[in-house]
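This is what each chain is made of:
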Amino acid sequence: MADVTGDYVQMDNVDWVDFPQGLCQGDVKWKLLHVSPESGAWTAIFDCKAGSSFAKHIHMGPGEYFLTKGKMHVRGGSEEGGATAFAPGYGYEACNAQHDHTEFPEDSEFYMTFLGPLNFIDDDGNTIALVGWRQVYDAWQASQGG
């Protein structure tokens, strides 16, 4: 686990791995950069191919993202009351922000810090998976053979 006094990741030395299916559709890859058990935060970078999307979820804590490449329709995009982000672009997601549909119409990449778990839900609002720092850490370790 990350040392709480500091952490450093040389990102180009870390391989992309598939983000767990069921939490996304299409080709989404990620690199876990840091977990912070003391605050419940976690940071990752995502590589999302055109046509990919994340499953319906609610941010249980706020989060900040930086779209480094491409285009992202956040919460359905501007036409559905959300935001359409273009790189380079910054976004903030408030606590309890619900994402019924977040998709990538072109190859995109974004860096995000989550200050709490994501609650992945079905169409009736039932929890499918509650994903916090521990779950992403365990998933990352499993993808690394650990």
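Please read all numbers here as calculations on a predicted model, not as lab measurements.

What counts and what doesn't
Residues numbered from 1 in each chain as written. Predicted model: local features only at pLDDT ≥ 70, side-chain atom pairs only at ≥ 80, totals over all residues. Heavy atoms only, no water. Helix = DSSP H or I, 4+ residues; strand = E, 2+ residues; numbered from the N terminus. Rg over C-alpha atoms; globule rule 2.2 N^0.38 Å. Buried < 20%, exposed > 50% of the residue type's maximum accessible area, 1.4 Å probe, protein only. Contact = heavy atoms within 4.5 Å. Areas by Shrake-Rupley, 256 points an atom, 1.4 Å probe, with all protein chains shown as cover. Lys, Arg positive; Asp, Glu negative; His and termini not counted. Charge placed at Lys NZ, Arg CZ, Asp CG, Glu CD. 1 Å grid on protein atoms, 1.4 Å probe; cavity = no way out; pocket = protein on both sides within 12 Å on 5 of 7 lines; lining within 4 Å. Points joined across faces, edges and corners; volume = space filled by probe spheres on them. Nonpolar A, V, L, I, M, F, W, Y, C, P; charged D, E, K, R; others polar. Disulfide = S-S within 2.5 Å. Arc of directions from axis to C-beta.

Draft legend 1. How the structure looks around the overall build of the protein chain. Scanning the protein chain for helices and strands turns up 1 helix and 15 strands. For 146 residues, the compact-globule formula gives about 15 Å, and the C-alpha radius of gyration of the protein chain, at 14 Å, lands near that figure. With respect to the principal axes defined by its C-alpha atoms, the protein chain has extents near 40 × 30 × 25 Å. Across the 146 residues of the protein chain, 44% fall into the buried class. Of the contacts made within the protein chain by residues no fewer than 6 positions apart, 68% connect residues no fewer than 24 positions apart. Looking at the protein chain as shown, the accessible area adds up to about 7,400 Å², and 50% of this sits on carbon and sulfur atoms. Considering the protein chain, the positive charge centre built from 8 side chains and the negative charge centre built from 21 side chains are found 3 Å apart.

Draft legend 2. Looking closely at the environment of Arg134. Summarising the element assignment, Arg134 is placed in helix H1 (residues 133–143). C-alpha of Arg134 to C-alpha of Ser36: the two residues are 98 residues apart in sequence and 9.2 Å apart in space.

Draft legend 3. Main features of empty space enclosed by the protein. A complete count under the given rule lists 1 cavity of 30 Å³ or more for this structure. Along its surface, the largest cavity is lined by 17 residues, and Phe54, His57, His59, Phe110 and Met112 are the ones closest to its centre. Where the lining of the largest cavity is concerned, the elements lending two or more residues are strand S4 (41–48), strand S6 (57–59), strand S8 (71–74), strand S13 (108–115) and strand S14 (118–121). Residue composition of the lining of the largest cavity, by class: 12 nonpolar, 4 polar and 1 charged.

Draft legend 4. Spatial organisation of the state of the cysteines. A complete count under the given rule lists 0 disulfides for this structure. Free cysteine: Cys24, not disulfide-bonded; nearest cysteine sulfur from Cys48 at 8.0 Å.

Draft legend 5. Structural view of H1. Among all positions of H1, only Trp133, Val136, Tyr137 and Trp140 are buried. Around the axis of H1, the buried residues are gathered within 100 degrees of arc, so they sit on the same side. The inward-facing, buried residues of H1 contact strand S1 (17–18), strand S3 (28–36), S4 and strand S15 (127–131). Just downstream of H1, Gly145 is the residue with a positive phi angle, here 80 degrees.

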